[in-house]
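So you can see what is in the structure, the chains are spelled out below.
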Amino acid sequence: MIHAEVFKEIIIENEGYIKSVGEILSREIDILTPESLRRLKKAAILYGVRRSGKSYLLFQIFKRYPDRSIYIDFEDERLQGIQAEDLERIWEAFLELKGEEIARKEGVILLDEIQNAPMWEKFVRRLAEKKGVAVYCAGSSSKITPKEIHTSLRGRIWSVEVLPFSFREFVLAKLGTNSPEKMIYGDKRVQIKRLFLEYIRYGGMPEVVFATNEFERRKIIREYLRSMYFRDMVERYNTTNIPLLDALWDQLFSSYGAKFSLNGFYKRYKNLISFSKDTLYTYYKYFLESMLVFDVKKFTESSYKRMRNPAKIYLVDHGLAKKTTSENLGRILENIVYVHLRRLGYDVYYLEEEESECDFIARNEETSIALQITWHLNEDNKSREIGGLVTASKYTKAEKFVILTYDQEERIEVSGIEVEVIPAWKWLLTFTNF
C-alpha cells in the first residue's frame, strides 16, 4: 500500500524539478489542450520509443498550467509494487495540494510511464469521464499504442505518437528560428545544408541533438542502444536466446531501407544458432512492439500478398543505424523520409510491379503520393527512379510524383506524369502539417 503522503511528496518534488528545467523546445506535435480534453472527456496518450521526448512534452504542459497540474513518473522507485487501489490516492493527493475547486474544474494530471501501474486504464477513464480532469499519459510500451490499448479506454483516448526530432525541429533546436522554411533561399541555404548533413550523421534523438560535441553524441547513442537492448528487449520480454537476439538485432539495424525476409533469415542462421521459427517470429514481433523498428508492407489490394511478401525495414531514428560505408547515404535518406511520412500520419507502402520498384506510396484521406529516394540522380539511375514512378501511376491512384535527392531540383514530364525532383532538406522543411 502506498500512502497519499508518499504521492504528495513525489508531486511536490517533481513540481520543483520541472520548474527548475530551463526553456523547453516546442515540438511540432498536435496535442489537445486541457479544455478540449475535458470537453471531449478523453485522455491524451503519448506513446513512442524510449528517449524520444515524451517526458519533456509533459513537462511543457505542466509549465503552461503550473498552478493546476501535477506530474507523477511511475518509474520512481518509491512507487515500486504499486497496486490498482493505490491509484485513487493520487486523486486524494491532488485534492489536498491544489484544492477541490481547481482539481474538479480545471485540473491537469500528467502520468509518465503509466504502463507500470496496474489497471491504469480504468483509473484514467474515471478521471476523464467522472472527475472532469484533463489527463495526459505517456509511455514507451506497445501496450499503450492505439492497437494494444485496453478495451476500457477504447473511444476515450487521443493518441499521439512521439517520434525523435524532425529536421524542422532539429533546425529549430539549433538556430531558434520560428520559420526554418524561410531559410531555404539565399545565403542561409548553406547553413541549412550544413545542418542537414549533421542531422543525417547523428539523427534526431533529443538528447543527441542538444549534445555539444561529437564525443557526447556518440556516447549518448551507444548508451541508448545499450539501454534499448537490455531494457526493451531482454528485460521487458525475458528473452533467453541471446545469440538469436544478437543476430536479429544486428540484421535489423543494418537492413534499414531494405527488404527483410524472416524465412531468409531462418535459412541463413538455422545451422549457426539453435532456434525455432516460432521463436524467431516472436523476437521479431518484440522489435516491432518496442517501436525501435517499423515494417512497411508491399502495396497490393490482397492482404494475403502483403503478408507473403517481405517487408521493408526502417528504424525509429537513423542515428541508431549500424553504418558501414558512405554508400548508405541513400538508405539513411530513405529512412528519414519514411519516419517523416509516418509523423505526418500517412499510411506508407512500397510498390513492386513489372520488375520496377517505387520506394513509397504514401496515402492519407486526402491524397496519395509516390516517392523515390536517391542521394543523387544521375544517368545510371535516372531511368530506374523515373520508371518506378511511371509504374506507380499505373497501379496506384497517386496524384503527385516526387524524387527526393540531396541537392537537385527540376521538373520532368514523362509518360503523362510530372515528376518533381526536390532536395530532401527543402522537402522536409516545407512538407508539414504545421
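What you see is a predicted model, and the numbers here were worked out from it, not measured in a lab.

Moving on, we get to the sheet that holds strand β13 (residues 410–414). The strands that make up a sheet pair up through hydrogen bonds in the backbone, lying either parallel or antiparallel. Strand order in the open sheet formed by six strands is β9-β10-β11-β12-β14-β13, and the pairing between neighbours is mixed. A strand with exactly one partner marks an edge of an open sheet, and here the two such strands are β9 (347–353) and β13. Ignoring which end each strand starts from, the neighbouring axes of this sheet average 30 degrees apart. By the bridge criterion, six bridges tie β9 to strand β10 (residues 356–363) in an arrangement that is antiparallel. From the neighbouring strand, Leu 351 faces β10, where its bridge partner is Cys 358. Most of the contacts of helix α16 (residues 382–395) go to β10, to which it runs at about 55 degrees, and overall it touches β9, β10, β11 (368–373), β12 (400–405), β13 and β14 (417–423).

Helical geometry note: an α-helix holds 3.6 residues per turn, so side chains three or four residues apart project in the same direction. For helix α7 (residues 167–175), the complete set of buried residues consists of Phe 167, Arg 168, Glu 169, Phe 170, Val 171 and Leu 172. Along its buried surface, α7 packs onto α8 (188–202), α9 (206–210) and α17 (424–430). Gly 176 sits one or two residues past α7 and shows a positive phi near 75 degrees.

Our focus in this paragraph is the environment of Lys 397. Mapped onto the secondary structure, Lys 397 falls in the loop between α16 and β12. Judged by relative accessible area, Lys 397 falls into the exposed class, the value being 76%. Counting along the chain gives 34 residues from Lys 397 to Phe 431, while the straight-line C-alpha distance between them is 20 Å.

Attention shifts here to the packing of helix α1 (residues 4–20) against helix α3 (residues 54–64). Where α1 meets α3, the axes come as close as 10 Å, and the angle between the chain directions of the two elements is 90 degrees. Comparing the axis directions of α1 and α3 gives the class roughly perpendicular. Two secondary-structure elements touch here, α1 through Glu 15, Tyr 17, Ile 18 and Lys 19 and α3 through Tyr 56, Phe 59, Phe 62 and Lys 63.

Our next topic: unusual backbone geometry. Positive phi outside glycine occurs at Arg 51, with the angle close to 70 degrees. You can see Arg 51 is positioned in the loop between β1 (43–47) and α3. Using a relative accessible area of 43% as the deciding quantity, one classes Arg 51 as partly exposed.

Attention now moves to the pattern of salt bridges. A complete count under the given rule lists 42 salt bridges for this structure. The closest approach of N and O atoms between Arg 78 and Glu 9, which form a salt bridge, is 3.1 Å. On the criterion of sequence distance, the pair formed by Arg 78 in the loop between β2 (69–73) and α4 (88–98) and Glu 9 in helix α1 is long-range, its members being 69 residues apart. Given the relative accessible area of 26%, Arg 78 is considered partly exposed. Residue classification places Glu 9 among the partly exposed positions, given a relative accessible area of 41%. Residue Arg 411 is joined to Glu 420 by a salt bridge in which the shortest nitrogen-to-oxygen separation is 3.5 Å. Take Glu 420: its relative accessible area is 22%, and that puts it in the partly exposed class. If you follow the salt bridges from partner to partner, you end up with Lys 259, Lys 312, Glu 334, Glu 352, Glu 357 and Asp 359 in one network.

In space, the five strands of this open sheet follow the order β2-β3-β4-β1-β5, with parallel pairing throughout. A strand with exactly one partner marks an edge of an open sheet, and here the two such strands are β2 and β5 (157–161). Between one strand axis and the next, the sheet turns through 15 degrees on average, direction left out of account. As paired strands, β1 and β5 are joined by five bridges and run parallel to one another. Along β5, the bridge assignment pairs Leu 46 with Val 160. In the packing of α3 onto the sheet, the strands contacted are β1, β2, β3 (108–112) and β4 (134–139), and the crossing angle to β3 comes to about 165 degrees.

This paragraph deals with the nonpolar core. One finds Phe 167, Phe 196, Leu 341 and Leu 371 to be the most contacted residues of the largest nonpolar core, which totals 81 residues. Examining the composition of this core, we find that eight residues originate from one element, helix α10 (residues 214–237), more than from any other. Other than its neighbours up to four places away in sequence, Leu 371 contacts Leu 341, Cys 358, Asp 359, Phe 360, Ala 362, Leu 389, Val 402, Leu 404 and Trp 427. Of all hydrophobic cores here, the second largest spans 34 residues; its members include Phe 7, Ile 11, Ala 117 and Cys 137.

Criteria and thresholds
Numbering of residues starts from 1 in each chain and follows the order in which that chain's sequence is written. Per-residue local features of the predicted model are confined to residues with pLDDT of at least 70, and side-chain atom pairs are confined, for both listing and counting, to 80 or more; whole-chain, interface and lining totals are unaffected and use all residues. Calculation of side-chain values draws on the structure's entire complement of heavy atoms; hydrogens and water are dropped beforehand. Strands qualify as paired when DSSP identifies two bridges or more between them. Each helix is a run of H or I in the DSSP string that is no shorter than four residues. Each strand is a run of E no shorter than two, and both are numbered from the N terminus. Whenever a helix is involved, its axis is fitted only over the stretch in contact; in every case the axis is a line through C-alpha atoms, and angles between N-to-C directions fall within 0 to 180 degrees. By the convention used here, residues are in contact when the closest approach between their heavy atoms is within 4.5 Å. Per-residue accessibility, obtained with a 1.4 Å probe over protein chains only, is compared with the maximum for each type, and a residue is labelled buried under 20%, exposed over 50%, and partly exposed between these values. Throughout, the term roughly parallel applies to angles under 35 degrees, roughly antiparallel to angles over 145, roughly perpendicular to angles from 65 to 115, and oblique to all others. For this document, the term salt bridge refers to a Lys or Arg side-chain nitrogen within 4 Å of an Asp or Glu carboxyl oxygen. By nonpolar core we mean a set of buried residues, namely Ala, Val, Leu, Ile, Met, Phe, Trp, Tyr and Cys, connected to one another through side-chain atoms within 4.5 Å.

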